[in-house]
Amino acid sequence: MNTPDSKLDERLKALFGGLDAGPEFEARLMARLQAESQTDGKERAMRARRQENERHARALSNLMSWRHSMLRLLTLDTLGIGLLLVVAVVMAWPYLNPQLMGGLRQYGLDVVAMVGVLLAAVPLWMNRARVG
Amino acid sequence: MELVRAERRHEAITLIVGEFRRKVFGLAYSFLRNREAAQDVAQDVFIKVWRALPGFDGRASLSTWIYTITRNTSLSALRAKRPQSSLSDPDVMAAVDASDAAPSGDTVVDGVLLQRLVDQLPTKQRQVIMLFYMEEQSHEEVATMLAMPVGTVKTLLHRARARLSAAAVK
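Heads up: these notes are all about the structure in this document. From a predicted model like this one, the values you see are computed outputs, not experimental measurements. (Residues numbered from 1 in each chain as written. Chains lettered and ligands numbered in written order. Predicted model: local features only at pLDDT ≥ 70, side-chain atom pairs only at ≥ 80, totals over all residues.)

With that settled, the discussion passes to the packing of helix α7 (residues 123-134) of chain B against helix α8 (residues 139-146) of chain B. The axes of two packed helices give the description: the angle between them and the distance between them. All names here are of chain B. At a closest axis distance of 10 Å, the pairing of α7 and α8 adopts a crossing angle of 130 degrees. Relative to α8, the element α7 lies oblique. The element α7 and its partner α8 pack so that their crossing is right-handed. Contacts from Q127, V128, L131 and F132 in α7 reach V142, M145 and L146 in α8. Class assignment for the residues of the contact of α7 with α8 results in six nonpolar, one polar and no charged. (Axes fitted to C-alpha atoms, helices over the stretch in contact; angles between N-to-C directions. Helix = DSSP H or I, 4+ residues; strand = E, 2+ residues; numbered from the N terminus. Parallel < 35°, antiparallel > 145°, perpendicular 65-115°, else oblique. Left-handed = near helix turned anticlockwise from the far one by under 90°. Contact = placed C-beta atoms within 7 Å. Nonpolar A, V, L, I, M, F, W, Y, C, P; charged D, E, K, R; others polar.)

Written as structure tokens, this is what we have:
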């Protein structure tokens, strides 16, 4: 025998039991997911490219700063070496062989000029070699 | 989860949609009371699930996680657009008009009138009734779907059925 409660149960089941999304729901969803997955792939590739560019720029900047510091160091070294050479020549001057002194008198200016040019040119040459 | 870990997200979502389509749609419908809006929300829910699957750590169960997304998406949709009564659905409106014109028996409540009575229930009672009878859900499942204790679901269900019975015999 059907009680009013069981009748209500049946009617509620009939009313809500068949509740479901439309037949085209899954096809529409899969199309959206397909589009989403393509966008996702493109976005991932763009993000990877951007990260790679940033990494490259950072590495380049580190390298440049290293070059600058090395160049500064080299310039100071070169100045120090030049100064030491001058001091060494001045101190050794009285003990030098007269023959050598004659040669130095003849070519001394040329030698000093050559050494000066070399000392000045080394940092410039190093810098060009690194940048190139 | 194994499929997600194995980078087979598409297969995973296909399984999830098969398993949860009706439940997600039903839960969204219980909030929105409009078929098209509920379908749109269900679509958005599965897209969100698909996007978030790689980050799903399995701390909560999959169903709890999906129902939470569904509730939040439904509430956002409700906020974006004022709730529409199912009686404003063109199909339901036509059926209600037809039933108003037709003579009805003393205790016979046809589907459309019952739908109208359900619509008049307080929101929580209406949701519990809909979800419970949608797929002969267990109290536990409805409680998980609506994030409320099982005892509350039983109470709401009892009250709703009592109200419907009383209204039906009037």
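All names here are of chain B. Interaxial distance between helix α3 (residues 35-52) and helix α4 (residues 62-80) falls to 9 Å at its minimum, and their mutual angle equals 130 degrees. With respect to α4, the axis of α3 lies oblique. For the crossing formed where α3 meets α4, the hand is right-handed. The segment α3 lies against α4, with A37, V41, D44, V45, K48 and V49 engaging I66, I69, T70, T73, S74 and A77. Classifying every residue of the contact of α3 with α4 by side-chain character gives seven nonpolar, three polar and two charged.

This paragraph deals with α7 of chain B. Since the α-helix packs 3.6 residues into each turn, any two residues three or four apart lie on the same face. All names here are of chain B. The end-to-end C-alpha distance of α7, which contains 12 residues, comes to 16 Å, matching closely the 16 Å that a straight helix rising 1.5 Å per residue would cover. The buried fraction of α7 is high, at 10 of 12 residues. Taken together, the buried positions of α7 are occupied by Q125, R126, Q127, V128, I129, M130, L131, F132, Y133 and M134. Taken from the residues just after α7, E136 is the one with a positive phi, measuring 45 degrees. (Expected span 1.5 Å × (residues − 1). Buried ≥ 20, exposed ≤ 12 C-beta atoms within 10 Å, placed from the backbone.)

All names here are of chain B. Relative to the 34 Å expected for 24 residues at 1.5 Å per residue, helix α2 (residues 9-32) spans just 29 Å between its end C-alpha atoms, considerably shorter than the ideal helical length. Of all the bends in α2, the greatest measures close to 60 degrees and is centred on F20. At the C-terminal side of α2, R33 shows a positive phi close to 55 degrees. (Bend = angle between axes of the 7 residues up to and from the residue.)

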